[in-house]
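Fold and geometry: a report
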Amino acid sequence: YIITGYTENIYSPWNKYGLIIKLNEYGDTLWSKFYINLDEIYGRNVIHTFDNGYFISGTTDYMENIYLIKTDNNGDTLWTRKYQPEGTAFVLASATIQAPDSGYVNTGYSDLGAYLFKINKNGDSLWCKYYINSSGSAGGYDVQFASDGGYIIAGVTSAPPDYQSAIYLIKTDANGDTLWTKTYGGSNSYKTCASSIYQTNEGGYIIAGKIYDTLTTNYNI
């Protein structure tokens, strides 16, 4: 197993370092690595890459930047990139997949809405698209390839008539341009949010997330 996150320096409590931990099949630690920068680093997602290394997506302090780390198989840094998409006041990376061209596609949320961010295999920016509905808010929590070569993003938005949080799906083409969006839930009784999405064999989608019962303040998975 491979885990990412962050750790806090107990001697300097305001310093947070990106973290990756490699475990064996029994959960025993094989190695761990820390990633230190002038910014605080929060690892949010890690994937195994085609070259047998790892790719970490996360954010810096105050959610000002997307922070990306490419490592080899031992967790040693090959390159890092920091991006603040133009026009954003805050941005937070949630999930990444590797594209067939060995580049990477990242989703998350920002003050401009959910986003899809494509970079090449060296970490150079190719394009960034934003998605927002009529309520003016949206965030992406997971992204997967679709069978037609595009992408499917699962996340959250607020939806009428009550403008509570609701599951938000965004289907795009290979360039990140919107094909369709769908909203599910969101009422004064229940808030909903999608955390993960997967395309099934028959071409549909299965979504996992949470429902928040506003009447009893209980979370249900």
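Our structure's up above, just so we're on the same page.
Attention here is on the structure that accompanies the text. (Residues numbered from 1 in each chain as written. Predicted model: local features only at pLDDT ≥ 70, side-chain atom pairs only at ≥ 80, totals over all residues. Heavy atoms only, no water.)

**Here's the deal with the overall build of the protein chain**
The condition that has to hold: Segments assigned H or I by DSSP are reported as helices when at least four residues long, segments assigned E as strands when at least two residues long, and all are numbered from the N terminus. Computation of the radius of gyration draws on C-alpha atoms, with the globule rule given as 2.2 Å multiplied by the number of residues to the power 0.38. Partly exposed describes any residue whose relative accessible area lies between the buried limit of under 20% and the exposed limit of over 50%, with all areas from a 1.4 Å probe on protein chains only and scaled to the type maximum.
Looking only at helices and strands, one finds 0 helices and 18 strands in the protein chain. Taking 2.2 N^0.38 as the reference for a compact globule, 221 residues should give roughly 17 Å; the C-alpha atoms of the protein chain span a radius of gyration of 18 Å, in line with that estimate. The dimensions of the protein chain, computed from C-alpha atoms along their principal axes, are 50 × 40 × 40 Å. Scored against the burial criterion, the 221 residues of the protein chain give a buried share of 45%.

**Regarding the sheet that holds strand β6 (residues 66-71)**
Note the following rule: Two strands make a pair as long as DSSP finds a minimum of two bridges between them. For every element, the axis is a line fit to its C-alpha atoms; helices are fit only across the contacting stretch, and the angle between N-to-C directions ranges from 0 to 180 degrees.
Pairing in this open sheet of 4 strands is antiparallel, and the strands run β4-β5-β6-β7 from one edge to the other. The sheet terminates laterally at β4 (41-48) and β7 (77-83), the two strands that pair on one side only. Within the sheet, the average angular offset between the axes of one strand and its neighbour, ignoring direction, is 20°.

**Description of the pattern of salt bridges**
For clarity, the threshold we go by: Here, a salt bridge means any side-chain nitrogen of Lys or Arg that lies within 4 Å of a carboxyl oxygen of Asp or Glu.
Here the structure, examined in full by the defined rule, presents 6 salt bridges. As a salt-bridge pair, Lys 33 and Asp 76 come within 2.8 Å of each other at their nearest N and O atoms. Here Lys 33, found in strand β3 (residues 29-35), pairs with Asp 76, found in the loop between β6 and β7; they are 43 residues apart in sequence, far enough to count as distant. Given a relative accessible area of 21%, Lys 33 falls into the partly exposed group.

**A word on the sheet that holds β3**
The 3 strands lie next to each other as β1-β2-β3, forming an open sheet whose pairing is antiparallel. The sheet is open, and its two borders are formed by β1 (2-8) and β3, each paired with just one other strand. The sheet shows a mean angle of 25° between the axes of neighbouring strands, direction not considered. Across 7 bridges, the pairing between β1 and strand β2 (residues 16-23) is antiparallel.

**With respect to the packing of aromatic side chains**
Put simply, the rule is: For this analysis, a ring pair means two rings from Phe, Tyr or Trp (six-membered ring only for Trp) whose centres lie within 6.5 Å, classed as stacked if their planes differ by under 30 degrees, edge-to-face if by over 60, and tilted for the remaining angles. Charge-over-ring placement is defined geometrically: NZ (Lys) or CZ (Arg) within 6 Å of the ring centre, and within 35 degrees of the ring normal.
Counted according to the given criterion, the structure contains 7 aromatic pairs. Relative to Tyr 141, the ring of Tyr 109 has its centre 5.8 Å away and its plane inclined at 70°; by these criteria the two rings are edge-to-face. Note that Tyr 109 is positioned in strand β9 (residues 104-110) and Tyr 141 in strand β12 (residues 138-145), a separation of 32 residues in sequence. Judged by its relative accessible area of 22%, Tyr 109 is partly exposed. Residue classification places Tyr 141 among the partly exposed residues on the basis of a relative accessible area of 27%. Of the aromatic side chains, those joined through ring pairs into one cluster are Phe 55, Trp 79 and Tyr 104. Sitting over the face of the ring of Trp 31, Lys 33 holds its NZ or CZ atom 5.2 Å from the ring centroid. Here Lys 129 stacks its cationic end above the ring of Trp 127, 5.2 Å away from the centre of that ring.

**So, the environment of Ile 152**
Worth spelling out the cut-off: The contact rule is simple, with two residues in contact once any of their heavy atoms fall within 4.5 Å.
Secondary-structure assignment places Ile 152 in strand β13 (residues 151-159). For the pair Ile 152 and Leu 23, spaced 129 residues apart in the sequence, the C-alpha separation amounts to 30 Å. Setting aside its immediate chain neighbours within four residues, Ile 152 contacts Asp 142, Val 143, Gln 144, Ile 170, Lys 171, Trp 180, Ile 197 and Tyr 205.

**Here we look at the state of the cysteines**
Counted only if it meets this: Pairs of cysteine sulfur atoms within 2.5 Å are what we label disulfides.
On inspection of all chains with the given rule, the structure shows 0 disulfides. With no disulfide partner, Cys 128 has as its closest neighbouring cysteine sulfur the one in Cys 193, 20 Å distant. Classification of Cys 193 by relative accessible area gives buried; the value is 9%.

**As for the environment of Tyr 67**
The topology assignment puts Tyr 67 in strand β6. Accessibility expressed as a relative area gives 5% for Tyr 67, which makes it buried.

**A few points about the pairing of β3**
In this sheet, β3 lies alongside β2 in antiparallel orientation, the contact comprising 6 bridges. Bridge pairing in β3 links Ile 21 to Ser 32. Turn length for the β2-β3 hairpin, with the two strands adjacent in sequence and antiparallel, is 5 residues, and the turn residue Gly 27 shows positive phi of about 85°.

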